[in-house]
Amino acid sequence: MRIGYAGLGWAARGFHLPAARRVAGAEPVGGFDSSAEQRASWAKETGLPAYESFGELLDRSRPELLVIATPPDSHVDLCLAALDAGLHVLCEKPFVPTPEDADRVLTAAGAAGRQVAVNHEFREKPIFKAVKARIGSQEAGRLVFTQIWQLMNLAPWDEPVPWRAAMPNRTLFEGGVHLVDLLLHLHGELPAGVYARHSSGLDPERNADAIHLVTLDFPDGRLAQITIDRLCPAGTRYVELRADCERASLRASHGGRALLRVGVKRAQKAGVRVDYAPGGLAWMERGLDRTTLAKNPRDDGVYGTAKLLEQVLAALAEGREPPSSGREARDGLCVIDAAYRSAKSGERVTL
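All figures in this text were calculated on a predicted structure; none of them were measured in a lab. Sequence order as written defines the numbering, with residues in each chain counted from 1. With the structure being a predicted model, the display of local features is reserved for residues of pLDDT at least 70 and the display and counting of side-chain atom pairs for 80 or more, all residues being used for whole-chain, interface and lining totals. Hydrogens and water are ignored here; the side-chain numbers use all heavy atoms of the structure.

Turning our attention to the pairing of strand S5 (residues 88–91). Only protein chains enter the accessibility calculation, which uses a 1.4 Å probe; a residue whose area is less than 20% of its type maximum is buried, one above 50% is exposed, and one in between is partly exposed. Helix and strand assignments come from DSSP, with helices taken as H or I runs of at least 4 residues and strands as E runs of at least 2, each series counted from the N terminus. With burial as the criterion, each face of S5 is covered, one bearing His88 and Leu90 and the other bearing Val89 and Cys91. Strand pairing follows a simple DSSP-based rule, namely that at least 2 bridges must link the two strands. Pairing geometry for strand S4 (residues 65–68) and S5, over four bridges, is parallel. When the sheet's bridge partners are listed, Leu66 is paired in S5 with Val89. With the strands aimed away from the viewer, a crossover counts as right-handed if its path from the first strand over the helix to the second runs clockwise. Handedness of the S4-helix H4 (residues 75–84)-S5 crossover: right-handed. Between the parallel pair S5 and strand S6 (residues 116–118), the chain is carried across by helix H5 (residues 99–112), and the sense of this crossover is right-handed.

This is the structure in structure tokens:
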């Protein structure tokens, strides 16, 4: 599968190209970017051609799959252009701005007989795969309640990346899409309803969702909650996950853990415990018993992207919908859209 790249910045260089070079059958053939500086550094660093336009990439490198690694406002037009040219698409997240935009892209994909996937690579990281694999198992039982939270001391209006700083009132959309997709992936379905509140902290003049609380109710009495706090002065916790099942609690901590604990702490066994997982750790708790399930590699972003790409290419070869498809990404957009509508109205939004 010949792979081209739209946007030659960090996402393409730091994740997609290294991932493709780990996957058998993936052949990177070049990319395009409007920035002459990006094109020059890409060609020098990667040894691959860099073009100024999509048309040049098509004519001279003939890709079969386009990886879209540009800011989200450009995704709709690039997806439609790629599909119109007969290419499959692997798009960075967030997929597109709205569910209606997703419908346009998916309709175009159907008409072209092509597939769209979205790089929700968190699904493929070992710690989250280990949690997913044990939901519904004999040892853990059915999922009852899920919590996902993200804590960092970086207000959305202080984002160093210009396009992110330009959308401070879209934190749940831009960064929280990881959390929403992961939660839906664990539950395997859409919630029945969404209730959300957000705040800019102690600065009410700012139009920003620096703090976001989202409650999702699923059929059969199951609940889930997402917390984002971008005003937290404590240590950064990129993704913390607790999936409470009938017989065990499944935990995952993304972003690295290095911990030596000696002594006694309430609700934990006394003694010595060592946690060392630079890329993240997953474990299972049953009462005071604790079992390690998985650890992430240090390069977990490239690892997850490569694992997802491998499965996407297999699906394309077999003519079936790929994992982390555009259809699934649309579900996440519906939840995010419902959360913003709920925060505005103060009422639960039914899906």
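Structure shown, so let's carry the discussion forward.
Moving on: the pairing of strand S15 (residues 280–286). Moving residue by residue along a regular strand, the side chains alternate between the two faces of the sheet. A large share of S15 lies buried, amounting to five of its seven residues. Alignment of S15 against strand S16 (residues 289–295), held across six bridges, turns out to be antiparallel. Across the sheet, residue Trp283 finds its bridge partner in S16, namely Thr292. Adjacent in sequence and paired antiparallel, S15 and S16 are bridged by two residues, among which Gly287 carries a positive phi angle near 65°.

The sheet built from six strands is open, its strands ordered S3-S2-S1-S4-S5-S6 with parallel pairing. For this open sheet the edge positions go to strand S3 (50–51) and S6, each flanked by a neighbour on one side alone. As paired strands, strand S1 (residues 2–6) and strand S2 (residues 27–32) are joined by five bridges and run parallel to one another. Bridged to Ala6 within S2 is Phe32. Contacts: residue pairs with any heavy atoms within 4.5 Å of one another. Angles here are taken between N-to-C directions and fall from 0 to 180 degrees, while the axes themselves are lines fitted to C-alpha atoms, restricted in helices to the stretch in contact. Of the strands in this sheet, S1, S4, S5 and S6 are in contact with helix H10 (residues 300–318), which crosses S4 at around 145°.

Direction vectors running N to C along H5 and helix H11 (residues 326–345) enclose 165°, while the axes themselves pass 9 Å from each other. When the axis of H5 is compared with that of H11, the two are roughly antiparallel. In this structure, the crossing between H5 and H11 has a hand that is left-handed. Touching Pro99, Ala102, Asp103 and Leu106 of H5 are Gly326, Arg327, Arg330, Leu333, Cys334 and Asp337, all from H11. Under this grouping Gly is polar, as are all residues other than the nonpolar Ala, Val, Leu, Ile, Met, Phe, Trp, Tyr, Cys and Pro and the charged Asp, Glu, Lys and Arg. The class makeup of the residues in the contact of H5 with H11 is five nonpolar, one polar and four charged. Should an angle fall under 35 degrees it is taken as roughly parallel, and over 145 as roughly antiparallel, whereas 65 to 115 is taken as roughly perpendicular and any remaining angle as oblique. For any helix crossing, the convention is left-handed if the near helix is rotated counterclockwise from the far helix by under a right angle, and right-handed if that rotation is clockwise.

On to the sheet that holds S16. What the nine strands build is an open sheet, ordered S16-S15-S12-S11-S7-S10-S9-S8-S17; its pairing is mixed. Pairing within the sheet leaves two strands with one partner each, and these edge strands are S16 and strand S17 (349–350). Running at roughly 165° to strand S10 (residues 223–229), helix H9 (residues 177–187) makes contact with strand S7 (143–151), strand S9 (211–217), S10 and strand S11 (237–245) of the sheet. In the packing of H11 onto the sheet, contacts are made with strand S8 (193–199), S9 and S17, and the angle to S8 comes to roughly 60°.

It is worth spelling out the environment of Asn119 at this point. Mapped onto the secondary structure, Asn119 falls in the loop between S6 and helix H6 (126–134). Judged by its relative accessible area of 1%, Asn119 falls in the buried class. Polar contacts, as used here, are pairs of N or O atoms within 3.5 Å; protein pairs need one atom able to donate a hydrogen and one able to accept it. Residues neighboring in sequence count only if both atoms are side-chain atoms. A polar side-chain atom of Asn119 sits 2.8 Å from a polar atom in the side chain of Glu92.

Taken as a class, soluble globular proteins show a tendency for nonpolar side chains to be buried jointly. Residues Leu66, Phe95, Val131, Leu216 and Leu250 are the most contacted members of the largest nonpolar core, which totals 68 residues. The residues touching Phe95, leaving out its near neighbours within four places in the chain, are His75, Cys79, Ala102, Val105, Val116, Val118, Gly326, Ala329 and Leu333. Put simply, buried Ala, Val, Leu, Ile, Met, Phe, Trp, Tyr and Cys residues joined by side-chain atoms within 4.5 Å make one nonpolar core. Counting 24 residues, the second largest nonpolar core, distinct from the first, contains Ala11, Val23, Trp42 and Ala117.

This next bit is on the packing of aromatic side chains. Pairing of aromatic rings covers Phe, Tyr and the six-membered ring of Trp, with a centre-to-centre limit of 6.5 Å; geometry is then stacked below 30 degrees between planes, edge-to-face above 60, and tilted otherwise. With the rule as written, the count across this model stands at five aromatic pairs. Each ring, one from Trp10 and one from Phe15, has its centre 5.7 Å from the other, and the planes form 70°; the classification is edge-to-face. The exposure class assigned to Trp10 is exposed, which follows from its relative accessible area of 63%. Classification of Phe15 by relative accessible area gives partly exposed; the value is 25%. Both rings, one in Phe122 and one in Tyr238, keep their centres 6.2 Å apart while their planes meet at 50°; by these two values the pair is tilted. Remark: Tyr238 occurs in strand S11 and Phe122 occurs in the loop between S6 and H6; sequence separation between them is 116 residues. The class of Tyr238 is partly exposed, set by a relative accessible area of 29%. Here the aromatic residues Phe122, Phe128 and Tyr238 are joined through ring pairs into a cluster of three or more. A positively charged side chain is recorded as over a ring if its NZ (Lys) or CZ (Arg) lies within 6 Å of the ring centre. The angle to the ring normal must also be within 35 degrees. Positioned over the ring face of Trp283 is Arg290, at 4.4 Å from the centre of the ring.

Fair warning: the whole summary comes from geometry, so function is off the table for now.
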